[in-house]
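The residues making up each chain are set out below.
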Amino acid sequence: MGKVIFEGDDFKRMLRTDMAALQRLVDAKKFGIFEVKYKDSRIKVEIRKKGDDIIVKRWRPV
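Calculation criteria
- Residues numbered from 1 in each chain as written.
- Predicted model: local features only at pLDDT ≥ 70, side-chain atom pairs only at ≥ 80, totals over all residues.
- Heavy atoms only, no water.
- Helix = DSSP H or I, 4+ residues; strand = E, 2+ residues; numbered from the N terminus.
- Buried < 20%, exposed > 50% of the residue type's maximum accessible area, 1.4 Å probe, protein only.
- Contact = heavy atoms within 4.5 Å.
- Lys, Arg positive; Asp, Glu negative; His and termini not counted.
- Salt bridge = Lys/Arg side-chain N within 4 Å of Asp/Glu carboxyl O.

Asker: I'd love a proper account of the environment of Ile 33, names of residues and values included.
Answerer: Note that Ile 33 resides in strand 2 (residues 32–38). The exposure class assigned to Ile 33 is partly exposed, which follows from its relative accessible area of 43%. Spatially, the C-alpha atoms of Ile 33 and Ala 21 are 14 Å apart, while their sequence positions differ by 12 residues. Residue contacts for Ile 33: discarding those within four places in its chain leaves Lys 44, Val 45, Glu 46 and Trp 59.

This is the structure:
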């Protein structure tokens, strides 16, 4: 059984309702880049699988 790892401080400052919406994406095993609410705006997050773990981090184009 893997665990969910949130990378970055953005997720610690997320509102509870926004985090619940993000958690629903993770629970549904959706992988890729998604746009989610973050306070008054929207950010893009990347959800990917690494081994048994699921990595969630803010996606920024290079």
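That was the structure; now back to the text.
Asker: Report on the side chain of Asp 18, specifying residues and quantitative values.
Answerer: Tracing the sequence through the fold places Asp 18 in helix 1 (residues 16–27). For the buried Asp 18, which has no salt bridge, the nearest side chain bearing the opposite charge is Lys 37, at an N-O separation of 4.4 Å.

Asker: Summarise the pattern of salt bridges; cite the residues concerned and give the values.
Answerer: Enumeration according to the criterion identifies 5 salt bridges in this entry. A salt bridge links Asp 10 to Arg 60, with the shortest nitrogen-to-oxygen separation between them at 3.7 Å. Taken together, the residues Asp 10 in the loop between strand 1 (4–7) and helix 1 and Arg 60 in the segment after strand 4 (53–58) connect sequence positions 50 residues apart. Glu 35 is the partner of Arg 42 in a salt bridge, and the nearest nitrogen-oxygen pair spans 3.1 Å. Ionic contacts of the salt-bridge type, sharing partners, join the residues Asp 10, Arg 13, Arg 58 and Arg 60 into one network.

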